There are 2 protein chains.
Amino acid sequence: MRLVIARCSVDYTGRLTAHLPLATRLLVHKGDGSLLVHSDGGSYKPLNWMSPPCTLTVETPDAEAAEEGVVELWRVTHAKSGDALLVRIHEVIHDTTHDLGVDPGLIKDGVEADLQRLLAEQVDVIGDGLALVRREFPTAIGPVDLMLRTVTAGVSVEIDVPPGVEADVHVSAAPAGPAPARHVAVEVKRRAGIDAVEQLTRYLELLNRDPHLAPVRGVLAAQSIAPQAKTLAGDRGIDTVVLDYDAMKGIQSGIPTLF
Amino acid sequence: MRLVIARCSVDYTGRLTAHLPLATRLLVHKGDGSLLVHSDGGSYKPLNWMSPPCTLTVETPDAEAAEEGVVELWRVTHAKSGDALLVRIHEVIHDTTHDLGVDPGLIKDGVEADLQRLLAEQVDVIGDGLALVRREFPTAIGPVDLMLRTVTAGVSVEIDVPPGVEADVHVSAAPAGPAPARHVAVEVKRRAGIDAVEQLTRYLELLNRDPHLAPVRGVLAAQSIAPQAKTLAGDRGIDTVVLDYDAMKGIQSGIPTLF
DNA sequence: TCCTCTAGCTTGGAC
DNA sequence: GTCCAAGGTAGAGGA
């Protein structure tokens, strides 16, 4: 990794064009060829950058550029897209190179996948008398996060059996023509916006065309739900459930899961 | 801006928890207090970071940590959210500080706003016999990018007048009861996905309730349109138009706009 | 490979 | 402040 502090101007041409006037900035040239241009402040996102695969070539400025004070010209070209970054360096203030080795990588917890996994183990959070059919239930337009079905075969049955799988098995085995299972499609999000409601609506539209599944009810489950998303969901008959990740994690660690 | 190369492990707790095992990394401490943790390679995004407003405090490791080889402990705390980043430094390999000054900022061209502006000047790209009503046409749920209307008042009229405004004016002034104008709502995107179709659908639903506007046809105009978005648009009777930004820009620079 | 969806998204703008 | 939409979104994961 090469770290350069330099007075420079930068031009990007590619999906759009962007220009950075002359100023002092940090240039990070990584081992994979990528380049980041950072200012002191702003966001974690560089002002300009080039993602790998790309190559950096250092050129000597032509007479005109040299006259303007350019001492070095860095050209970073993307291997496929043709995007290019041009760094006109007027003054190098710092220049060091370091060998960092390979990074072991990041371990995360608490992303949507974790939320979905926990919720699959605790479908009672969504409502009573529900059992998991499967996670990532496949449809033609993509997988539904969770597919559940009701296990309401009469109150008397549910009293003396454990909730979840056992009751579900009982219903399935009921000799007297069982009430048709009603399905519940659950969309899991960390933060749900209008787009989440739209997504679930598309799934429901499709699922309800399938006579084996219909009627399918929709539930939007998220750690936070935008007010407009809640309103839109209400309009469309979609229930919303706010999830408490820490509480769900507590239950998960305390009680062994049924599945 | 302070640049540190160090062998360190990092823990983030906040919206999720994340852990980085011991390895050599770049730490960038910016003037606004923010911290970036970069590896040599990967993306332009740091492995871990803390966004401003936040403060960095350097602590002396306790006996236990010192025994594990920690020589310095950086704690970065977000001012509002309570998110925290903990950097356990085992070895400092490089440590320099530089004054970069304030960055003049980035100038962009080719973003969605530019596309919309160009398209407003060249509505014929959408179809013949159309005139701009206005950009950012207001509705209760937000502005429609472009609202157009047809100027089809009979072919004979259109032959000997310039397209666009002039023809439109003529139609408006036509003494023999003019055919009602048909409206076209255009959603402009650089890249259109399913969400763009959903957005336009919401607008059309609303616009078509207005007897002054109905019937309103929908057009999705974008530099690239995802296949599923094109399919969904087709299902809903929404036309799609693929835009060539460079070509449109060429026309714009060559021919003065009518508006 | 293409195409989809998530993201500690971030960031800017409107209300 | 909250909420929504754009992003050179990037990056992962499935078909």
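Residues numbered from 1 in each chain as written. Chains lettered and ligands numbered in written order. Predicted model: local features only at pLDDT ≥ 70, side-chain atom pairs only at ≥ 80, totals over all residues. Heavy atoms only, no water.

1. Notes on the overall build of chain A
Our working rule: We count a stretch as a helix when DSSP gives it H or I for four or more residues in a row; a strand needs E for two or more, and each element gets its number in order from the N terminus. Note on exposure labels: buried denotes an accessible area under 20% of the residue type's maximum, exposed denotes more than 50%, and partly exposed covers the range between, all computed with a 1.4 Å probe on protein chains only. A contact between two residues is defined here by any heavy atoms of the two lying within 4.5 Å. Computed with the Shrake-Rupley method and a 1.4 Å probe, the accessible areas treat only the protein chains shown as cover for residues.
Looking only at helices and strands, one finds 7 helices and 13 strands in chain A. Classification of the 259 residues of chain A by burial places 45% in the buried group. Of all intrachain contacts in chain A linking residues separated by at least 6 positions in sequence, the fraction that spans at least 24 positions is 53%. As displayed, chain A has an accessible area near 12,900 Å², and 55% of this comes from carbon and sulfur atoms.

2. Notes on the relation of the copies chain A and chain B
For the record, the criterion: Copies overlap after least-squares fitting; the atoms used are the C-alpha atoms of residues with pLDDT of at least 70 in both.
Least-squares fitting of chain A to chain B yields an RMSD of 0.5 Å, with the transformation described by 0.1 Å of translation along the axis and a rotation of 179 degrees. Read as a symmetry element, the transformation amounts to a two-fold axis. Residues of chain A ranked by C-alpha distance from the rotation axis are headed by Lys45(A), positioned 3.2 Å from it.

3. So, the protein's contact with DNA strand D
Worth spelling out the cut-off: For this purpose, a residue is taken to be near a molecule or strand whenever a single non-hydrogen atom of the residue falls within 4 Å of it. Pairing of N or O atoms within 3.5 Å defines a polar contact, subject to two protein rules: one partner must be a possible hydrogen donor and the other a possible acceptor, and residues neighboring in sequence count only if both atoms are side-chain atoms.
Surrounding DNA strand D, one finds 21 residues, the nearest of these being Trp49(A), Gln228(A), Ser43(B), Lys108(B) and Arg190(B). The sugar-phosphate backbone supplies 77% of the atoms of DNA strand D found within 4 Å of the protein. Here a phosphate oxygen of DNA strand D and a side-chain polar atom of Arg15(A) are 3.1 Å apart. Taking Arg191(B), its side chain carries an N or O atom lying 2.8 Å from a phosphate oxygen of DNA strand D. Every element with two or more residues in the surface near DNA strand D is listed here: β4 (48–50) and α6 (227–235) of chain A together with β11 (183–192) and α5 (194–207) of chain B.

4. Considering the protein's contact with DNA strand C
Here is the rule we go by: Any residue outside Ala, Val, Leu, Ile, Met, Phe, Trp, Tyr, Cys, Pro, Asp, Glu, Lys and Arg is labelled polar, Gly included; the first ten of those are nonpolar and the last four are charged.
Every one of the 20 residues lining DNA strand C counts as a neighbour, but Ser43(A), Lys189(A), Arg190(A), Trp49(B) and Gln228(B) are closest to it. Restricting the count to atoms of DNA strand C within 4 Å of the protein gives a sugar and phosphate share of 77%. Contacts to DNA strand C include Glu112(A), whose backbone N or O atom sits 2.9 Å from a phosphate oxygen. Between DNA strand C and the protein, one listed contact pairs a phosphate oxygen with a side-chain N or O atom of Lys189(A) at 2.5 Å. Among the residues forming the surface near DNA strand C, the class breakdown is 8 nonpolar, 4 polar and 8 charged.

5. A closer look at the sheet that holds strand β13 (residues 239–242) of chain A
Residue and element names in this part refer to chain A. Quick note on the threshold: For two strands to count as paired, DSSP must find a minimum of two bridges between them. Interaxial angle, 0 to 180 degrees, is taken between N-to-C directions of lines fitted to C-alpha atoms, where a helix line uses only the stretch in contact.
Pairing within the open sheet is mixed, and its 5 strands lie in the order β9-β10-β11-β12-β13. Unpaired on one side and paired on the other, β9 (130–137) and β13 mark the two borders of the sheet. Adjacent strand axes in the sheet meet at a mean angle of 30 degrees when their direction is disregarded. Across the sheet, helix α2 (residues 112–121) is in contact with β9, β10 (144–150), β11 (183–192) and β12 (216–225); its angle to β11 comes to roughly 145 degrees. Lying over the sheet, α6 contacts β11, β12 and β13, oriented at roughly 170 degrees with respect to β12.

6. Notes on the packing of aromatic side chains
Our working rule: Two rings from Phe, Tyr or Trp (for Trp, the six-membered ring) form a pair when their centres are within 6.5 Å of each other. A pair whose planes differ by under 30 degrees is stacked, one over 60 is edge-to-face, and the rest are tilted.
Evaluation of the coordinates by the stated rule reveals 2 aromatic pairs over all chains. For the pair Tyr44(A) and Trp49(B), a centre-to-centre distance of 4.6 Å together with 45 degrees between the ring planes defines the contact as tilted. Of this pair, Tyr44(A) sits in the loop between β3 (35–38) and β4 while Trp49(B) is found in strand β4 (residues 48–50), placing the two residues in two different chains.

7. A word on a negative patch on the surface
All names here are of chain A. The condition is simple: Each patch is built from residues that are more than 30% exposed by relative accessible area and take part in no salt bridge. Like charges join if they lie within 9 Å; nonpolar side chains (Val, Leu, Ile, Met, Phe, Trp, Tyr) join within 5 Å. Any carboxyl oxygen of Asp or Glu that lies within 4 Å of a side-chain nitrogen of Lys or Arg is treated as forming a salt bridge with it. In this tally Asp and Glu are treated as negative and Lys and Arg as positive; neither His nor the chain ends contributes. Charged side chains are reduced to one point each, which is NZ for Lys, CZ for Arg, CG for Asp and CD for Glu.
On the surface, Asp62, Glu64, Glu67 and Glu68 cluster together into a patch of negative charge. Within the secondary structure layout, Glu68 lies in the loop between α1 (63–67) and β6 (72–78). Judged by its relative accessible area of 52%, Glu68 falls in the exposed class.

8. Some words on the packing of helix α5 (residues 194–207) of chain A against α5(B)
In plain terms, the rule: Reported orientations rely on four angle classes, namely roughly parallel under 35 degrees, roughly antiparallel over 145, roughly perpendicular from 65 to 115, and oblique for the rest.
Relative orientation of the contacting elements α5(A) and α5(B) amounts to 95 degrees, with a least axis distance of 11 Å. One finds that α5(A) runs roughly perpendicular with respect to α5(B). Seen from α5(A), the contacting residues are Ile194(A), Glu198(A) and Arg202(A); seen from α5(B), they are Ile194(B), Glu198(B) and Arg202(B). Classifying every residue of the contact of α5(A) with α5(B) gives 2 nonpolar, no polar and 4 charged.

9. Focus on helix α6 (residues 227–235) of chain B
Using the following cut-off: As used here, the arc is the angular range of directions from the helix axis to the C-beta atoms.
Considered for burial, the residues of α6(B) that qualify are Ala229(B), Leu232(B) and Ala233(B). Within α6(B), the buried residues cover an arc of 100 degrees as seen down the axis, which keeps them to one side. The exposed set on the far side of α6(B), more than 90 degrees from its buried face, consists of Pro227(B), Thr231(B) and Asp235(B). Taken together, the buried residues of α6(B) touch α5 of chain A together with β11, α5, β12 (216–225) and β13 (239–242) of chain B. Count one or two residues on from α6(B) and you reach Gly237(B), which has phi positive near 75 degrees.

10. Quick word on the sheet that holds β12(B)
Remark on secondary structure: sheet strands pair via backbone hydrogen bonds, oriented parallel or antiparallel. Residues and elements named next belong to chain B. Spatially, the 5 strands line up as an open sheet ordered β9-β10-β11-β12-β13, and their pairing is mixed. Of all the strands in the sheet, the pair left with one neighbour each is β9 (130–137) and β13. This sheet shows a mean twist of 30 degrees between the axes of neighbouring strands, independent of strand direction. Of the pairings in the sheet, the one linking strand β10 (residues 144–150) to β11 comprises 4 bridges and is antiparallel in character. If you follow Leu148 over to β11, its bridge partner there is Val184. On top of the sheet, α5 reaches β9, β10, β11 and β12; it is set at about 165 degrees to β11, its chief contact.

11. Points about the pattern of salt bridges
One pass over the full model with this rule turns up 24 salt bridges over all chains. Residues Arg88(A) and Asp11(A) are paired through a salt bridge, measuring 3.1 Å at the closest nitrogen-oxygen approach. Of this pair, Arg88(A) sits in strand β7 (residues 84–97) while Asp11(A) is found in strand β1 (residues 2–13), placing the two residues 77 residues apart along the sequence. Judged by its relative accessible area of 23%, Asp11(A) falls in the partly exposed class. Linked by salt bridges that have partners in common, Glu198(A), Arg236(A) and Arg202(B) make up one network.

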